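Topology and contacts: notes
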Amino acid sequence: MNTPQLDNIERTEELTRFENWVNELAASNSSTLVFNDGQEHAAILFGTIFGTTKEKVCIYCDNMCSMVTATADYYNALEACKKRGVEVRILLDTMDKKVLDQPIFCLVNKQEDVKFVPDDKRGYIKKKLNGLDVHFTVADGKIYRMEYDIKNFKAIASFNDPEMSNTLTTVFDEVWNAA
């Protein structure tokens, strides 16, 4: 498999501090809330989540935005995650199946690892999450990142919050099983 052309995040002093802090939280299994703001923070945080995940990661989003997924941090970490044998499930809310042409999807089995939200479940996740219009990633029953401002990549995350992770996993699985 050929690695596509990936964008590298220019590591400013602030981004390096953020990355080091996030890695420390992951390594210590901390329940501290992480707030991320912007696509660079998102890519770094996803890279740490994928690097930390041992068993399973579930991603719910509209279309796997290439502004984040085409970064080396995101792509390489997801590739390493898959190589470690981690189960990856992606649930897409878009109606456009052309998104599967993005390079990130060469890392997963499009037939088994990717599903589209069925028409009768549109809005279900928002309803089940008290009206929140979010995208989220949840892993290993305790790790999550929930993007509450999708346009600006603003999110909250934790490396050890089984309660929130369970809520997100339950909603994800309900829609996944219906797809």
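For the structure itself, look to the data block above.
Here's what I pulled together on the structure shown here. Since this is a predicted model, take the numbers as computed values, not measurements.

**Some remarks on helix α2 (residues 39-52)**
Between its first and last C-alpha atoms α2 spans 20 Å; for 14 residues at 1.5 Å apiece the expected length is 20 Å, and the two agree. Burial analysis of α2 places 11 of its 14 residues in the buried class, the great majority of the element. Burial in α2 covers these residues: His41, Ala42, Ala43, Ile44, Leu45, Phe46, Gly47, Thr48, Ile49, Phe50 and Thr52.

**Points about the layout of surface pockets**
In this approach the atoms are scanned with a rolling probe the size of a water molecule, which exposes any empty space left behind. Here the largest pocket defines a volume of roughly 260 Å³. In this structure, the largest pocket is lined by 18 residues; those nearest its centre are Cys61, Met64, Cys65, His135 and Glu147. When residues of the lining of the largest pocket are traced back to their parent elements, those giving at least two are β2 (56-61), α3 (66-69), β5 (135-139) and β6 (143-149). Classifying every residue of the lining of the largest pocket gives 11 nonpolar, four polar and three charged.

**Description of the sheet that holds β2**
Taken in spatial order, the seven strands of this open sheet run β1-β7-β6-β5-β2-β3-β4, and their pairing is mixed. Single-partner strands in this sheet number two, and they are β1 (34-36) and β4 (114-116). Strand-to-strand, the axes of this sheet are offset by a mean angle of 15°, without reference to chain direction. In the sheet, strand β3 (residues 87-92) pairs with β4 via three bridges, with the strands oriented parallel. When the sheet's bridge partners are listed, Ile90 is paired in β4 with Val114.

**Overview of the pattern of salt bridges**
Applying the stated criterion across every chain yields a total of eight salt bridges. Here Arg122 ties to Asp119 by a salt bridge, and the two come within 3.7 Å at their closest N and O atoms. The class of Arg122 is partly exposed, set by a relative accessible area of 29%. For the salt bridge of Glu147 with Arg145, the shortest nitrogen-to-oxygen distance reads 2.9 Å. Residues joined in a network through salt bridges with shared partners are Arg11, Glu19 and Asp73.

**Quick notes on helix α1 (residues 13-27)**
Taking 1.5 Å per residue, 15 residues should reach 21 Å; α1 reaches 21 Å between its end C-alpha atoms and fits that length. Buried residues in α1 make contact with β1 and α2. Of the residues one or two after α1, Asn29 is the one with positive phi, at around 60°.

What counts, and where the lines are drawn
- In this convention, every chain numbers its residues from 1, walking through the sequence in written order.
- For a predicted model such as this one, the threshold for reporting local features is a pLDDT of at least 70, and the threshold for listing and counting side-chain atom pairs is 80 or more; totals across whole chains, interfaces and linings nevertheless cover every residue.
- To obtain the side-chain values, all non-hydrogen atoms of the structure were included, while hydrogens and water were left out.
- Helix and strand assignments follow DSSP, with helices taken as H or I runs no shorter than four residues and strands as E runs no shorter than two, numbered in order from the N terminus.
- Multiplying 1.5 Å by the helix residue count minus one yields the expected span of that helix.
- Exposure classes here rest on a 1.4 Å probe applied to the protein chains alone. A residue is buried below 20% of its type maximum, exposed above 50%, and partly exposed in between.
- Of the grid points, spaced at 1 Å and generated over the protein atoms alone, those admitting a 1.4 Å probe that cannot get out make up cavities, while open sets with protein on both sides within 12 Å along at least five of seven lines make up pockets; any residue with an atom within 4 Å of a point is treated as lining.
- Grid points are joined across faces, edges and corners, and a volume is the space filled by probe spheres set on the points.
- Here the term charged refers only to Asp, Glu, Lys and Arg, the term nonpolar to Ala, Val, Leu, Ile, Met, Phe, Trp, Tyr, Cys and Pro, and the term polar to all other amino acids, Gly among them.
- At least two DSSP bridges between two strands are required for those strands to pair.
- Simply put, an axis is a line fit to the C-alpha atoms, just over the touching stretch for a helix, and the angle between two N-to-C directions goes from 0 to 180 degrees.
- Salt bridge criterion: a side-chain nitrogen from Lys or Arg within 4 Å of a carboxyl oxygen from Asp or Glu.
- For this analysis, residues touch if any pair of their heavy atoms sits within 4.5 Å.

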